[in-house]
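Residues per chain, in single letters:
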Amino acid sequence: MQHGFTYEAALEASQRVNWRLEDVIGGDKRLDFARPFMPESLARVAPLDFLDAAEARLLNQIRGHGYLYLFGTVEEFILPFVMDHARPQLHGDDARIRALLQFAAEEAKHIHLFKQFRAEFRAGFGVECGVIGPPQEIARHVLAHHPLGIALVILHLEWMTQRHWVDSIHDDGGLDPQFKSLLRHHWMEEAQHAKVDTLTIEAMVAACSASDVAAGIADYAAIGGFLDDGLRQQAELDTASFERAVGRKLGGRERSRMIEGQHQAMRWTFLGSGMTHPRFLDTLGQIDPAARRQVETMAQNLC
């Protein structure tokens, strides 16, 4: 695969950008509930023209809550996957094992960060927001799939994170600075994870039979379908959370519009934006050009 990544360079960059939880969250670093959390390109609340400005901001913040919760949820399966993959490497290349262990330590830190965020959000927002899960059950289901399929999902998520920051969040000056800071710090470390996972997939494919590769690609698609079902449930939970926050029930047509619109927004956020990332497609195309074409076709329905 043509990428130029090395374990040594990824490890060096991870150590250079490494940050501590206490420098990112807590103390005087507070969420500003007078401002939106998510860029409109991901939240897509503007098409819901039956909402006033305050209601649109509330829904945007509920989406921000769900966005970071879902990141914490997927990291619940990324962490054990990386640890399991690192174990057989303990007596191999030093840079490789250190990069994998750094990867795992940062994922554990991100899980902790997003749990702290959720507690602060709950205290400041004042309304309990429903979420899918529990994360351990989602992880159990995902980890039952072929390792190559799981690794492809993880790579998809990592490049997706890069795209969200660069394309939608970095230049949006209207977002809450604290929420934006959480996303920036997450992005900084995920940039190295994407490189390490690319190298991991390269090694996996070299050791796989043609049938294993086919099984891995099929399981990537199966996990995507499973996650899409979860996104639909999350859209329904977010709508119920919105109704609690504003203290009124939406009419049937309005409720359907919100659920359908928010589900499609989440499909782009968590599925389409990863499936169409050029780096992800490059890796997939090196493994199986036909699979790349299939994923590009599937992604057309996720915009």
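Residues numbered from 1 in each chain as written. Predicted model: local features only at pLDDT ≥ 70, side-chain atom pairs only at ≥ 80, totals over all residues. Heavy atoms only, no water.

Turning to the confidence of the model for the protein, a few remarks are in order. Per-chain confidence: the protein averages 95 in pLDDT, with 100% of residues scoring 70 or above. Highest mean pLDDT in the protein belongs to helix H2 (residues 40-43) (98); lowest belongs to helix H1 (residues 7-17) (93). (pLDDT = per-residue confidence, 0-100. Helix = DSSP H or I, 4+ residues; strand = E, 2+ residues; numbered from the N terminus.)

The subject of this paragraph is the nonpolar core. In this structure, Leu68, Phe77 and Leu152 are the most contacted members of the largest nonpolar core, which totals 94 residues. At 14 residues, the largest contribution of residues to this core is made by helix H3 (residues 53-86). When neighbours within four sequence positions are excluded, Leu68 is seen to be in contact with Phe114, Phe117, Phe179, Leu182 and Leu183. (Core = buried A, V, L, I, M, F, W, Y, C linked by side-chain atoms within 4.5 Å. Buried < 20%, exposed > 50% of the residue type's maximum accessible area, 1.4 Å probe, protein only. Contact = heavy atoms within 4.5 Å.)

Let us look at the pattern of salt bridges. The full count for this structure, using the stated rule, is 17 salt bridges. One salt bridge connects Glu22 with Arg20, and the closest N-O pair in it is separated by 3.2 Å. Among the salt bridges present, the one from Arg292 reaches Glu296, with a minimum N-O distance of 3.6 Å. Linking Arg292 with Glu296, this pair stays in helix H11 (residues 289-299), spanning four residues, or about one helical turn. Connected via shared salt-bridge partners are Arg20, Glu22 and Asp23. (Salt bridge = Lys/Arg side-chain N within 4 Å of Asp/Glu carboxyl O.)

Our focus in this paragraph is the packing of aromatic side chains. What characterises a pair of aromatic rings is the spacing of the ring centres plus the angle enclosed by the ring planes. The full count for this structure, using the stated rule, is 15 aromatic pairs. Between the aromatic rings of Phe37 and Phe179, the centroid separation amounts to 4.9 Å while the plane-to-plane angle is 10°, which identifies the pairing as stacked. Of this pair, Phe37 sits in the loop between H1 and H2 while Phe179 is found in helix H7 (residues 177-207), placing the two residues 142 residues apart along the sequence. Each member of the pair, Phe37 as well as Phe179, carries the same accessibility label: buried. Between the aromatic rings of Tyr67 and Phe71, the centroid separation amounts to 4.9 Å while the plane-to-plane angle is 85°, which identifies the pairing as edge-to-face. A residue pair is termed a helical-turn pair when its members lie 3 or 4 positions apart in one helix, as Tyr67 and Phe71 do in helix H3 at four residues. With relative accessibility at 3%, the residue Phe71 sits in the buried group. The structure contains a cluster of three or more aromatic residues connected by ring pairs, namely Phe33, Phe37, Phe117, Phe121, Phe125 and Phe179. (Phe/Tyr/Trp six-rings, centres within 6.5 Å; stacked < 30°, edge-to-face > 60°.)

Attention now goes to the environment of Arg16. Assignment of secondary structure puts Arg16 in helix H1. Exposure remark for Arg16: the relative accessible area of 54% places this residue in the exposed category. Within the structure, Arg16 has its side chain in polar contact with the side chain of Glu12 (distance 2.5 Å). (Polar contact = N/O pair within 3.5 Å; in protein donor to acceptor, adjacent residues only side chain to side chain.)

Below, the discussion takes up helix H8 (residues 210-246). Side chains that are three or four residues apart share a direction in an α-helix, a result of its 3.6 residues per turn. The end-to-end C-alpha separation of H8 is 54 Å, in line with the 54 Å expected for 37 residues at 1.5 Å each. Gly247, located one to two residues past H8, shows a positive phi value of around 75°. (Expected span 1.5 Å × (residues − 1).)

What is expected of a backbone is that most residues other than glycine have negative phi and most peptide bonds are trans. At the junction of Gly133 and Pro134, the peptide bond is cis and its omega measures out at 5° in the coordinates. Among the secondary structure elements, Pro134 is positioned in the loop between helix H4 (94-125) and helix H5 (135-143).

Glancing now at the packing of H1 against H7. Two quantities define a packed helix pair, namely the angle between the helix axes and the distance between the axes. One way to put it is that H1 packs onto H7 with a least axis distance of 9 Å and a crossing angle of 165°. By the angle between their axes, H1 is roughly antiparallel relative to H7. Two packed elements cross with a definite hand, and for H1 against H7 that hand is left-handed. Counted together, Tyr7, Ala10, Ala13, Ser14 and Val17 of H1 and Met188, Glu189, Gln192, Val196, Leu199 and Thr200 of H7 form the full contact between these two elements. Across the contact of H1 with H7, the residue classes break down as seven nonpolar, three polar and one charged. (Axes fitted to C-alpha atoms, helices over the stretch in contact; angles between N-to-C directions. Parallel < 35°, antiparallel > 145°, perpendicular 65-115°, else oblique. Left-handed = near helix turned anticlockwise from the far one by under 90°. Nonpolar A, V, L, I, M, F, W, Y, C, P; charged D, E, K, R; others polar.)

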